Amino acid sequence: MPVSTFEIVSFMALGFYLVRNPFSQWPNLIKNPFYIGIVLTLISIVGTNYFIAPHWPTSILRFISAFIYPMILWNCIDEKPILQLVVKSMTVFALTMALYILIEVTIGSNPLIQTLLANKWVNEDLVIDYQEIRFGFKRCQGFLATPAGSGLFLGLFGVTLYCVSACLEEKRKYTAFLVGLFLFCTVLSGTRSVIAASSVAVLIIVRKEFFSTKFFVLKMVIIMVVLAVAGSFMLEIIDSFINSDKVHGSNADMRMEQLFVTLLYWARSPIWGNGNGFVWTFVKEVDADIAGAESVWFQVLLDQGLVGAVAYLGVCINAMVAVFRKVKIWMLVPLGFLVGKTLSSVLGIELSLMFVFTIILLKYHKFYGSAEEDDDPDEKDEEVLANEAAVEDVSR
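Residues numbered from 1 in each chain as written. Predicted model: local features only at pLDDT ≥ 70, side-chain atom pairs only at ≥ 80, totals over all residues. Heavy atoms only, no water.

(A) Expanded view of the overall build of the chain. Counting its regular elements, the chain contains 15 helices and two strands. When the 396 residues of the chain are sorted by exposure, 47% land in the buried category. For the chain, long-range pairs separated by at least 24 residues make up 74% of all intrachain contacts whose partners lie at least 6 apart in sequence. Accessible surface, the chain: about 20,300 Å² in total, of which carbon and sulfur atoms supply 68%. (Helix = DSSP H or I, 4+ residues; strand = E, 2+ residues; numbered from the N terminus. Buried < 20%, exposed > 50% of the residue type's maximum accessible area, 1.4 Å probe, protein only. Contact = heavy atoms within 4.5 Å. Areas by Shrake-Rupley, 256 points an atom, 1.4 Å probe, with all protein chains shown as cover.)

This is the structure in structure tokens:
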């Protein structure tokens, strides 16, 4: 399998980290809350390469990009200003792509992707110029190879930004606009799996904003206006999940065919899989029904077997538990990632992105406190203030 640019960058980042830090600090890379998932993955990689088919160079690069790169990020974010820089940088990137997506949906084409493909500057098998209309809009992909990739990134980052909005400092007042824009661009991706994944994470916002008594009347008005304006559009999206045959693209029957093909070849080596890249270099060549292997579990079972599937699930659960221990509802961010990858392969979006969002949340909790503590103390609900006053009276 070809080496991706991100894998090369991750390898360079590791080299830079080792050169810049004394040998005594190198062990800090393994001091993180994700070690259980990392150990499980190492067992899977070593077993598949030793017992089935040796692909050590590729496997090492994959491991570095998926795990070592996030661990470098974990160690580098050691103070509040660095966390702020990371969040602001990602916000600028996300905002730039979101604005480009608005241009893309307005003109009905993607000039950047078309230019890259016309000049053969990218792999035509991985980057596609999507012209399909879904839910009344062109499926937008921004700067990324597929609409699913841009949609999942913007959706989960939008929710993450909502949780860590204090990092924007004086620009925090624009959080609602930014989050709304990013979530709207997620819908413009026209990818049902991504919309479902982002909806899981959005429950964080729903719980905090719509289940409090603050501005209750205003919230009800906003909800009614949204339903009146976009009600039919929302029903069309919901109907696409129930009746998948109505939407062009992968449907339930196609997914079942992919599952049958996966089980057929997985049975050849159920424990350790068939080796790195097996699904693309062999199965796709001999059985067209595998199509895009549109679930991460199809790829993991075929390449790394049952041990690999347990490792992948263990990594995601490890991240969810790490966040759950700080602020329970924040676990919906890594859970949303897992939902997205389960419903679709989301090419180009890997575990490293889930780690980045998880690390941002954990570091935010360390530097700023819990979700409740980051709120402006002058904006407490009247009910909370009344309770505090009652407690003071009793104590007197």
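Let us keep going from here.
(B) Summary view of the state of the cysteines. Tallied over the full model, the rule gives zero disulfides. With no disulfide of its own, cysteine 140 lies 7.6 Å from the sulfur of cysteine 185, the closest cysteine sulfur. For cysteine 140, a relative accessible area of 0% gives the class buried. Using a relative accessible area of 1% as the deciding quantity, one classes cysteine 185 as buried. (Disulfide = S-S within 2.5 Å.)

(C) Here's a closer look at the packing of helix α6 (residues 147–163) against helix α8 (residues 192–210). Closest axis-to-axis distance for the α6/α8 pair is 9 Å, and the angle between their directions is 15°. Considered as vectors, α6 and α8 are oriented roughly parallel to each other. The way α6 lies across α8 gives a crossing that is left-handed. Across the interface between the two elements, Ala148, Gly151, Leu152, Gly155, Leu156, Val159, Tyr162 and Cys163 of α6 pack against Val194, Ala197, Ser198, Ala201, Val202, Ile204, Ile205, Lys208 and Glu209 of α8. For the contact of α6 with α8, a count of residues per class yields twelve nonpolar, three polar and two charged. (Axes fitted to C-alpha atoms, helices over the stretch in contact; angles between N-to-C directions. Parallel < 35°, antiparallel > 145°, perpendicular 65-115°, else oblique. Left-handed = near helix turned anticlockwise from the far one by under 90°. Nonpolar A, V, L, I, M, F, W, Y, C, P; charged D, E, K, R; others polar.)

(D) Structural context of the environment of methionine 12. Locating methionine 12 in the fold gives a position in helix α1 (residues 5–20). Methionine 12 sits in the exposed class, given a relative accessible area of 54%. Separated by 57 residues in sequence, methionine 12 and tyrosine 69 have C-alpha atoms that sit 9.6 Å apart.

(E) Quick look at the confidence of the model for the chain. Residues of the chain with pLDDT of at least 70 account for 86%, and the chain-wide mean is 86. A low-confidence stretch, residues 371–392 (pLDDT under 50), is modelled with 16 contacts involving residues beyond four sequence positions or located in other chains. (pLDDT = per-residue confidence, 0-100.)

(F) A look at helix α14 (residues 351–368). Relative to the 26 Å expected for 18 residues at 1.5 Å per residue, α14 spans 26 Å between its end C-alpha atoms, a close match to the ideal helical length. Burial within α14 is extensive, with 17 of its 18 residues counted as buried. A positive backbone phi angle near 100° is found at glycine 369, which sits one or two residues after α14. (Expected span 1.5 Å × (residues − 1).)

(G) Spatial organisation of the packing of helix α11 (residues 278–286) against helix α12 (residues 296–324). Interhelical geometry of α11 versus α12 gives an angle of 100° and a closest axis separation of 9 Å. Between α11 and α12, the crossing angle belongs to the class labelled roughly perpendicular. The segment α11 lies against α12, with Phe278, Val279, Trp280 and Val283 engaging Gln299, Leu302 and Asp303. Its residues assigned to classes, the contact of α11 with α12 comprises five nonpolar, one polar and one charged.

(H) Fine view of helix α7 (residues 175–188). Between its first and last C-alpha, α7 extends 20 Å over 14 residues, near the 20 Å set by a 1.5 Å rise per residue. Looking at the buried positions of α7, the neighbouring elements they touch are α4 (80–107), β2 (137–138), α6 and α8. Residue glycine 190 follows α7 closely and has a positive phi angle near 65°.

(I) Molecular detail of the packing of aromatic side chains. Applying the stated criterion to the full structure yields 21 aromatic pairs. One aromatic cluster in this structure is built from Phe93, Tyr100, Phe143, Phe153, Phe157, Phe182 and Phe357. A cation over a ring is seen here: lysine 80 above tyrosine 368, with NZ or CZ 4.4 Å from the ring centre. Across the ring face of phenylalanine 324, the terminal group of lysine 328 is positioned such that the distance to the ring centre comes to 5.6 Å. (Phe/Tyr/Trp six-rings, centres within 6.5 Å; stacked < 30°, edge-to-face > 60°. Lys NZ or Arg CZ within 6 Å of the ring centre and 35° of its normal.)

(J) Looking closely at the nonpolar core. Formed by 85 residues in total, the largest nonpolar core has its most connected members in Phe34, Leu83, Phe153, Phe182, Tyr312 and Leu351. Broken down by element, this core gets its largest block of residues, 13 residues, from α14. Counting nine residues, the second largest nonpolar core, distinct from the first, contains Val279, Val283, Ala293 and Phe298. (Core = buried A, V, L, I, M, F, W, Y, C linked by side-chain atoms within 4.5 Å.)

(K) Representation of a nonpolar patch on the surface. Taken together, Phe210, Phe211, Val217, Met220, Val221, Ile223, Met224 and Val225 make up a surface patch of nonpolar side chains, about 750 Å² in accessible area. The element contributing the most residues to the nonpolar patch is helix α9 (residues 216–242), with six residues. Its place among the elements puts valine 217 in helix α9. Assessed through its relative accessible area of 62%, valine 217 is described here as exposed. (Patch = residues over 30% accessible without salt bridge, like charges linked within 9 Å, V, L, I, M, F, W, Y side chains within 5 Å. Salt bridge = Lys/Arg side-chain N within 4 Å of Asp/Glu carboxyl O.)

(L) Fine view of unusual backbone geometry. Despite not being glycine, glutamate 169 shows a phi value in the positive range, around 55°. Turning to its location among the elements, glutamate 169 is positioned in the loop between α6 and α7. If you check the backbone angles, alanine 291 has positive phi at about 50° while not being a glycine. Relative to the assigned elements, alanine 291 resides in the loop between α11 and α12.

(M) Looking closely at the pattern of salt bridges. Under the criterion given, the structure shown has eight salt bridges. Between arginine 255 and glutamate 294 there is a salt bridge, with the nearest N and O atoms lying 3.6 Å from each other. Residue arginine 255 is located in helix α10 (residues 252–266), and its partner glutamate 294 is located in the loop between α11 and α12; the two are separated by 39 residues in the primary sequence. In this structure glutamate 294 comes out as buried when scored by relative accessible area, which is 18%. Each of Glu132, Arg134 and Arg139 takes part in one network of salt bridges that share partners.

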